[in-house]
Amino acid sequence: MSDNTQGLRVQSGSAALRAGVELLSSMRFAISLLTVICIASVIGTVLKQHEPAVNYVNQFGPFWAELFGAIQLNAVYSAWWFLLILAFLVTSTSLCIARNTPKILTDLKVYKENIREQSLKAFHHKAEADLNESAEAEARRIGTMLAGGGWKVRLQQRDTAAGPGTGWMVAAKAGAANKLGYIAAHSAIVLVCLGGLLDGDLIVRAQMLLGGKTPYQGGGLIADVKPEHRLSERNPTFRGNLLVAEGTQSSTAILNQSDGVLLQDLPFAIELKKFIVEHYSTGMPKLFASEIVIHDKATGEKTPARVEVNHPASYKGIEIYQSSFDDGGSHLKMRAVPMVAGAKPFDIEGVVGNSTELTNKGGGPGSDKLTLEFTALRTINVENFAGAGPGSTGVDVRKVDLRESVESRLGAANKTVTKKELRNVGPSVSYKLRDAAGQAREFHNYMLPVDTGDGAPVFLLGVRETPSEPFRYLRVPADDAGSMDGFLRMKAALADPEAREVAVRRYVAQAIDASRPELAEQLRQSASRALALFAGRGMVDGKPTGGLQAVSDFMEANVPEAERARAGEVLVRILNGTLFELAQLSRQRAGLPPLPQDEKTQGFMTQAVLSLSDAQIYPAPLVFELKDFTQVQASVFQVARAPGKNIVYLGCALLILGVFAMLYVRERRVWVWLAPRDGDGTRSHAVMALSTNRKTMDGDHEFVQLAQKLIGATKAPEGTA
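Residues numbered from 1 in each chain as written. Predicted model: local features only at pLDDT ≥ 70, side-chain atom pairs only at ≥ 80, totals over all residues. Heavy atoms only, no water.

**Q** How would you sum up the pairing of strand β12 (residues 331-338)? Please name residues and give values.
**A** The buried fraction of β12 is high, at 6 of 8 residues. Where β12 meets strand β13 (residues 346-351), 6 bridges bridge the pair, whose relative direction is antiparallel. Looking at β13, one finds that Arg-335 is bridged to Asp-347. As judged from the 8 bridges shared by β12 and strand β24 (residues 622-630), these two strands associate in the antiparallel manner. Residue Lys-333 lies in a different strand from β24, and its bridge partner there is Asp-628. (Buried < 20%, exposed > 50% of the residue type's maximum accessible area, 1.4 Å probe, protein only. Helix = DSSP H or I, 4+ residues; strand = E, 2+ residues; numbered from the N terminus. Pairing = 2+ DSSP bridges.)

Quick look at the structure:
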């Protein structure tokens, strides 16, 4: 707005006050504040805002999470220092406008017609010519021509400095909007910041500071929350979230704060009639919308509306945006499958978002209480199975295909040669098991068996210790009936010493020729030991003692290194054989026909051996298998009363106009001094000059044309290209 960065200079007051006012109203201070705001905005964009504290701990560690919370980087746009910077920026820019606006307005009225001839000759753009008419006639002609070209013109008659006679000064100006652009652009900054302050947390924080409102940190029903945690329906500005399940209605929004939440009562209730979601082939949602009914609390009027992404609904000055969607309390029917010996399966029902108490009577001495928390239901899970077939063994290092290698990394995104085989593998359920100490593990189990490419469908049972970790999956093979029962029968039989002994006898009877009975006892001992090692002795010092790891440890401890490879092959063959007989025995006891010895059975047994080994380290006594569900969708709305929105829109319009005016409108001034050339005054001599706020080639060409048109200068004026 000015040619320097100095601020407003106060003539009275202390030196500290004068220095403070000068700094606050200076351009350098405003630019510094804008820089800090830009950096803070980048942080607020990169770092997820208003996340639970545990998420920051898991992602960044305790030190950084505590630091983020201390300086409120997890809530940048509502932090006290961010609002303070905005307030200072508004004050600084307002003072800058107040300091420069009078100068600009005064300059808009001034034509500077008192400039002298010698001064005109010192300009960069200048020209001289002799004219055949008197000074007055030429002045009026030139003034008329400039006015016709959109210039504002003023004529002045005054005595000449070179001798007797009267001369005429033609002073004209154009492009005054350039200076108005400075006022518009700086005013836009003030308006945008004021709109941000109004639509931010400033009003809410004022109510917390002056009105006794405090964030709520507990749980329970919304209706039971006390008034000191609620904001009035007349709250002039707020922005919160509202979750509404299908078939229900809600009238209280949640305003997230760094240390809890505030409840915002609305003058209406939103009822969700139907939630609509459509998916891409990748499983990502491409459209979600809500059919709602708005119930006015004061009049009882019902107003139907449809809310989509980027198409909000508006009611009584409150905008209703489609933010996301969630589970609205789907009903789940699950089967609890014991992972420990001696326990029986049982059925359990629950609702997503709720929890139930369990008693673990098989996981150790005494009874351990567990809390089962139903966290999520997903009806669609699209996974990429490209390259997951039986023949896919990874990268062939002998193959060099330069074209395919290059094309896989270059080109448009829609022309990539990356192979994809997207498949919906069906519903899945997520839940948490929390022990008496409050420690919880998260589980993610698929409802249907999944063929991962090897032809043997498996049930995927995921588990992770913390939300920052990926899920680790136990793969349980599906039997001929498509269930986990075959695997569970094998697991129960493996834990039964009597069943193991019967399986060993059957295996020995089939493996040893009747003509060589002396080998039977030796094979029986080896098979019994291998099966006992694989079955294990349960958990010892918190570690499993069975599975393939136990067999490997036995080999390393008892077999010389030179003989381990051959002995390992024999031992694994014996183990697979006895486990197959164990599977046949478990089916016989269940009244089922024996497994045929075909490729499908071989795939089942291969995966079953691996799963029985991995099940030793499964960290929970129960697996909950999803059997049936009734989905209930919920829509997440963002409701906002934003009176500063129109102020921000006005600020944006002024900013566009201001920037356009400053960049594309050039302020120009033209002076033509006309003095008599002879004694009778019938002819005159013209001295012309032009000044512009920016030196451009357009300015040079414009001056050449003006000089030729106004005073008839036929050659390029001095000082131009």
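**Q** Describe the side chain of Thr-578, and please don't skip the residues or the numbers.
**A** Along the chain, Thr-578 turns up in helix α15 (residues 564-589). Aside from chain neighbours lying at most four places away, what touches Thr-578 is Ala-503, Val-504, Tyr-507, Ala-527 and Leu-531. (Contact = heavy atoms within 4.5 Å.)

**Q** Lay out the sheet that holds strand β3 (residues 166-174) with the relevant residues and their values.
**A** Taken together, 5 strands build an open sheet; the order of strands is β1-β27-β26-β3-β2 and the sheet is antiparallel. Whereas interior strands pair on both sides, the edge strands pair on one side only; in this sheet they are β1 (125-131) and β2 (152-159). For this sheet, the mean inter-axis angle between neighbouring strands, taken without regard to orientation, is 15°. For β3 and strand β26 (residues 668-676), the ladder comprises 7 bridges, and the chain directions are antiparallel. When the sheet's bridge partners are listed, Val-170 is paired in β26 with Val-672. Together, β1, β26 and β27 (684-692) form the strand contacts of helix α18 (residues 697-710), whose direction differs from that of β27 by roughly 160°. (Axes fitted to C-alpha atoms, helices over the stretch in contact; angles between N-to-C directions.)

**Q** Pulling in residues and values, what's your account of a nonpolar patch on the surface?
**A** Taken together, Phe-60, Phe-63, Trp-64, Leu-67 and Ile-71 make up a surface patch of nonpolar side chains, about 480 Å² in accessible area. Ranked by residues supplied to the nonpolar patch, first place goes to helix α4 (residues 62-70) with 3 residues. Counting through the fold element by element, Ile-71 comes out in the loop between α4 and α5 (80-109). In this structure Ile-71 comes out as partly exposed when scored by relative accessible area, which is 38%. (Patch = residues over 30% accessible without salt bridge, like charges linked within 9 Å, V, L, I, M, F, W, Y side chains within 5 Å. Areas by Shrake-Rupley, 256 points an atom, 1.4 Å probe, with all protein chains shown as cover. Salt bridge = Lys/Arg side-chain N within 4 Å of Asp/Glu carboxyl O.)

**Q** Would you mind going over the packing of aromatic side chains in detail, with residue names and values included?
**A** Scanning the model with the defined rule gives 16 aromatic pairs in all. Ring geometry for Tyr-77 against Phe-82: centres 5.7 Å apart, planes inclined by 90°, an arrangement best described as edge-to-face. With relative accessibility at 38%, the residue Tyr-77 sits in the partly exposed group. Measuring from ring centre to ring centre gives 6.5 Å for Phe-275 and Phe-288, while their planes differ by 35°; the resulting arrangement is tilted. You can see Phe-275 sitting in strand β7 (residues 260-279) and its partner Phe-288 sitting in strand β8 (residues 285-296), a full 13 residues away along the chain. The pair formed by Phe-275 and Phe-288 is uniform in burial state, with each residue classed as buried. Three or more aromatic residues joined by ring pairs make a cluster, and in this case those are Phe-60, Phe-63, Trp-64 and Phe-68. (Phe/Tyr/Trp six-rings, centres within 6.5 Å; stacked < 30°, edge-to-face > 60°.)

**Q** Which residues make up the sheet that holds β13, and what values go with them?
**A** Spatially, β13-β12-β24 is the arrangement adopted by the 3 strands of the open sheet, whose pairing is antiparallel. Each edge of the sheet is formed by a strand with only one pairing partner; in this case those strands are β13 and β24. Geometrically, the sheet is characterised by an average inter-axis angle of 30° between neighbouring strands, direction not taken into account.

**Q** Help me get a handle on the packing of helix α12 (residues 497-511) against α15, residues and values and all.
**A** Look at α12 against α15: their axes get within 8 Å of each other, and the N-to-C directions meet at 115°. Once α12 is placed against α15, the crossing between them reads as right-handed. On the side of α12, the interface is formed by Ala-499, Arg-500, Val-502, Ala-503, Val-504, Arg-506, Tyr-507 and Gln-510, while α15 contributes Arg-573, Ile-574, Gly-577, Thr-578, Glu-581, Leu-582, Leu-585, Gln-588 and Arg-589. In the contact of α12 with α15, the residues fall into 8 nonpolar, 4 polar and 5 charged. (Left-handed = near helix turned anticlockwise from the far one by under 90°. Nonpolar A, V, L, I, M, F, W, Y, C, P; charged D, E, K, R; others polar.)

**Q** Any details on the pattern of salt bridges? Residues and values, ideally.
**A** Summed over the entire model, instances satisfying the criterion amount to 28 salt bridges. Glu-501 is the partner of Arg-524 in a salt bridge, and the nearest nitrogen-oxygen pair spans 3.3 Å. Linking Arg-524 in helix α13 (residues 520-535) with Glu-501 in helix α12, this pair joins segments that are 23 residues apart in sequence. Residue classification places Arg-524 among the partly exposed positions, given a relative accessible area of 26%. Among the residues examined, Glu-501 registers a relative accessible area of 27% and is labelled partly exposed. When the shortest N-O distance is used, the salt bridge between Arg-666 and Glu-702 registers 3.3 Å. Placement of the pair is Arg-666 in the loop between α17 (644-664) and β26 and Glu-702 in helix α18, with a sequence separation of 36 residues. Judged by its relative accessible area of 16%, Arg-666 is buried. Here Glu-702 falls in the buried class, since its relative accessible area comes to 16%.

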